[in-house]
Amino acid sequence: MTPSAPVLLDIRDLCVRFGGIAALDGPSLAVRQGEICGLIGPNGAGKTTLFNCVSRLHQPDSGSITLGGQDLLRLRADQIAGAGVARTFQSPGLFTSLTVVENVLVGAYHRTPGGLGAATLALPSVARHERRQRVRAMAVLDELGLADVADRVAAGLPFGTLKRVELARALMCDPRLLLLDEPANGLIHGEVMELAAVIATLCRERGLSVLLVEHHMAMVMAVSHHVVALNFGRKIADGAPEEVRAHPDVVAAYLGSAA
């Protein structure tokens, strides 16, 4: 990523209210092509609400969100993958009775030709599509070091492995923008830094843009090209990782104003 790279995700003046509470109070931010942007802030800062707006789980009261110039707020949640947005969650939402490769194939659901009717009738075109997608899924699993567990049932696999499986499923969407919601949650330190290296490699080799919500500051500082800090729904800092970490408003938000 270079400073001259074009902006991919552009969020302007986003406002979300739940009753009398302002979950987001007008923050703006931009993520450039091929950039990892860390989104930090204490619990309740509005990070997940912002993610939910981008992935269309929430409709903001005002503001705009565009991806490569496309208005994401005109799309439904089921159309967001087709627009080039993929997301992981704090806890992997995998199907524990399915194998790893079957879980990853779920990420290609929006590409199925002919819809449910064609799949129900087992048309030849659907069978060919499924073979192609399985080849893709195995390639993604190999890329993430998961090829040896492709045929293992997800239930019982280590938590760190499940996190990677969820990431592999997101990559099956061929996203331009990857939303990572606390990917280090539940991982031990060694797994965290290993995952950080994987994310940095994906960004560099695939040209992905990443918006990363994470409380693990070592991970954020290691992989982010720039960092945005929220508190009480407002943006309080935006800049280079080391600058944001030392910003007095960020220090106060995490440690209290006395700090």
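Residues numbered from 1 in each chain as written. Predicted model: local features only at pLDDT ≥ 70, side-chain atom pairs only at ≥ 80, totals over all residues. Heavy atoms only, no water.

## Examining unusual backbone geometry
Move 1: Backbone geometry at R56 places phi at a positive 70°, although glycine is not the residue there.
Move 2: Along the chain, the position of R56 falls in the loop between helix 1 (47-54) and strand 5 (62-67).
Move 3: The phi dihedral of D174 falls on the positive side, at around 50°, and the residue is not glycine.
Move 4: By the element assignment, D174 lies in the loop between helix 5 (159-171) and strand 8 (177-181).
Move 5: The exposure class of D174 is partly exposed, given its relative accessible area of 40%. (Helix = DSSP H or I, 4+ residues; strand = E, 2+ residues; numbered from the N terminus. Buried < 20%, exposed > 50% of the residue type's maximum accessible area, 1.4 Å probe, protein only.)

## A short note on the domain arrangement of the protein chain
When the parts of a complex come together, some accessible area is lost, and that lost area is often used as the size of the interface.
Move 1: Each assigned domain of the protein chain is listed here: domain 1 (7-84 + 175-258) and domain 2 (95-157).
Move 2: Distance between the C-alpha centres of domain 1 and domain 2: 29 Å.
Move 3: With six residues of domain 1 in contact, the opposing surface of domain 2 contributes five residues.
Move 4: Both faces considered, domain 1 and domain 2 share a buried interface measuring about 410 Å² in area, 54% of it formed by carbon and sulfur atoms.
Move 5: Sorting the residues of domain 1 by area buried against domain 2 places A81, L202 and R206 first, and these three jointly supply 64% of that buried surface.
Move 6: Residue E143 is joined to R206 by a salt bridge in which the shortest nitrogen-to-oxygen separation is 2.8 Å.
Move 7: Seen at the junction of domain 1 and domain 2, the total is one residue pair in polar contact (both at pLDDT 80 or more).
Move 8: Classifying every residue of the side of domain 1 that touches domain 2 by side-chain character gives three nonpolar, one polar and two charged. (Domains from an automatic or database assignment. Contact = heavy atoms within 4.5 Å. Buried area = accessible area lost by both parts, 1.4 Å probe. Salt bridge = Lys/Arg side-chain N within 4 Å of Asp/Glu carboxyl O. Polar contact = N/O pair within 3.5 Å; in protein donor to acceptor, adjacent residues only side chain to side chain. Nonpolar A, V, L, I, M, F, W, Y, C, P; charged D, E, K, R; others polar.)

## A word on the nonpolar core
Move 1: In this structure, V104, L141, L144, L167, L171 and L178 are the most contacted members of the largest nonpolar core, which totals 41 residues.
Move 2: Listed by contribution, the elements that provide at least two residues to this core are helix 2 (100-105), helix 4 (124-143), helix 5, strand 8, helix 6 (189-206), strand 9 (209-213) and helix 7 (217-223).
Move 3: The element that contributes the greatest number of residues to this core is helix 6, accounting for seven residues.
Move 4: Taken domain by domain, this core gets at least three of its residues from each of domain 1 (7-84 + 175-258) and domain 2 (95-157).
Move 5: Not counting residues within four places of it along the chain, the set of residues in contact with L144 comprises R164, L167, A168, L171, V198 and L202.
Move 6: With 30 residues, the next largest nonpolar core counts L8, L14, V16 and V31 among its residues. (Core = buried A, V, L, I, M, F, W, Y, C linked by side-chain atoms within 4.5 Å.)

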